[in-house]
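# An overview of the molecular structure
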Amino acid sequence: MDWGMRNRLSRIIKPATGKTVMLAVDHGYFQGPTTGLKNPGKTIKPLLPYADALMLTRGILRSQVDPGTDIPIILRVSGGTSVLKDDLSDEEITVSIEEAVRLNASAVALSVFVGAENERQTLVSLSRLVNEAQTYGIPVLAVTAVGKQMVRDARYLGLASRISAELGAHVVKTYYCDGFKQVSSSVPVPTVIAGGKKLPERDALVMTKNAIASGAVGVDMGRNIFQSDSPVGMIKAVRAIVHQGAGVDAAYRIYEAEKKTKAAKKKVGKGR
Ligand code: R5P
């Protein structure tokens, strides 16, 4: 691996711990104005100090994120479909590699839909993206997207993750499942988990803890952070698990403390 590629990866997966907390806010690329992301700039700003990288589309990056920030960017470069379609797999590469360089992306991200109608198209896109990104030393994060008709078990997620790595992805993002060790151990590159649909905060922290214990190098989490009643509390709690090895109870206390502090500040503000 060349120096630029390794350096970009080191900006995302922190060398001090070998772990990462990526904040995913790219949902609008097919979901439109997702709950919690109606005003993405407002959602993102308070979370930036606690995120190791920010995953988003170029439209939200250009319009909502201060270019003076030093957060590493994971640029989503696939799309072409919407939640109105039954089959979400009809994606292609939507952003050129030159644009990714211009936006100073530390990595580019693309979804693959193994087992879906457009499996081949998305896998060929991944391979093409790796070819192009390799030229500029930019790592590729493959998102193993799950079609509506597919089960999120170790067999399926392991298949999709391994194929992504075989085709050249430098990092694989998948979902947590029972037997996750089977998934992470069969992939020769770092794996991170998506959070998936919003869960009760403690459950999301348990999932994070289990994923790290089963070989994930971190999370690329969205809704379980920005749809929480305390997004800052949640990202701090997730961070404590990922980087410091905190237990679920200790992490949950971090979330609760932040939530209480915010509520107290709000009360003081109202009293003025
Ligand atoms: C799909 O919409 C995106 O790739 C998200 O970034 C991904 O699903 C992670 O977000 P969440 O934790 O909300 O599942």
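Throughout what follows, the structure given in this document is the object of discussion. (Residues numbered from 1 in each chain as written. Predicted model: local features only at pLDDT ≥ 70, side-chain atom pairs only at ≥ 80, totals over all residues. Heavy atoms only, no water.)

## Regarding the site of the ligand
Where we set the bar: The cutoff for a nearby residue is simple: one of its non-hydrogen atoms must lie within 4 Å of the molecule or strand. Here a polar contact is taken to be a pair of N or O atoms separated by no more than 3.5 Å, where protein atoms must pair a possible hydrogen donor with a possible acceptor and residues adjacent in sequence count only if both atoms sit in side chains. What sets the accessible areas is the Shrake-Rupley method with a 1.4 Å probe; for residues, cover comes only from the shown protein chains. Grid points spaced at 1 Å and placed over the protein atoms alone form the basis of the search, with a cavity being a set where a 1.4 Å probe fits but cannot get out and a pocket an open set showing protein on both sides within 12 Å along at least five of seven lines. Lining residues have an atom within 4 Å of a point. More than half of a molecule's atoms lying within 2 Å of a cavity's or pocket's grid points is what places that molecule inside it.
Neighbouring the ligand are 15 residues; Asp-26, His-27, Gly-196, Gly-222 and Arg-223 lie closest to it. Asp-26 places a side-chain nitrogen or oxygen 2.4 Å from an oxygen atom of the ligand. Gly-195 is positioned such that a nitrogen or oxygen atom in its backbone is 2.8 Å from an oxygen atom of the ligand. Here the ligand, which alone exposes 360 Å², has 95% of that area covered by the protein. More than half of the atoms of the ligand fall within 2 Å of the grid points belonging to the largest pocket.

## Regarding the layout of surface pockets
If you roll a probe as big as a water molecule over the atoms, it shows you where there is empty space left. Short version of the rule: Grid points are joined across faces, edges and corners, and a volume is the space filled by probe spheres set on the points. For helices the rule is a DSSP run of H or I covering at least 4 residues; for strands it is a run of E covering at least 2, with both sets numbered from the N terminus onward. Only Asp, Glu, Lys and Arg are considered charged, only Ala, Val, Leu, Ile, Met, Phe, Trp, Tyr, Cys and Pro nonpolar, and every remaining residue, Gly among them, polar.
Space inside the largest pocket adds up to approximately 700 Å³. Phe-30, Gln-31, Arg-152, Tyr-175 and Arg-223 are the residues nearest the centre of the largest pocket, which is lined by 30 residues in total. Taken together, the elements giving at least two residues each to the lining of the largest pocket come down to helix 2 (28–31) and strand 8 (171–175). Ranked by residues supplied to the lining of the largest pocket, first place goes to helix 2 with three residues. A per-class count over the lining of the largest pocket returns 12 nonpolar, eight polar and 10 charged. For the second largest pocket, the calculated volume is near 320 Å³. If you trace the second largest pocket, you find 14 residues lining it, with Lys-42, Thr-43, Pro-46, Pro-231 and Lys-262 closest to the centre. Looking at the lining of the second largest pocket, the elements with two or more residues in it are helix 3 (40–44), helix 11 (231–244) and helix 12 (248–271).

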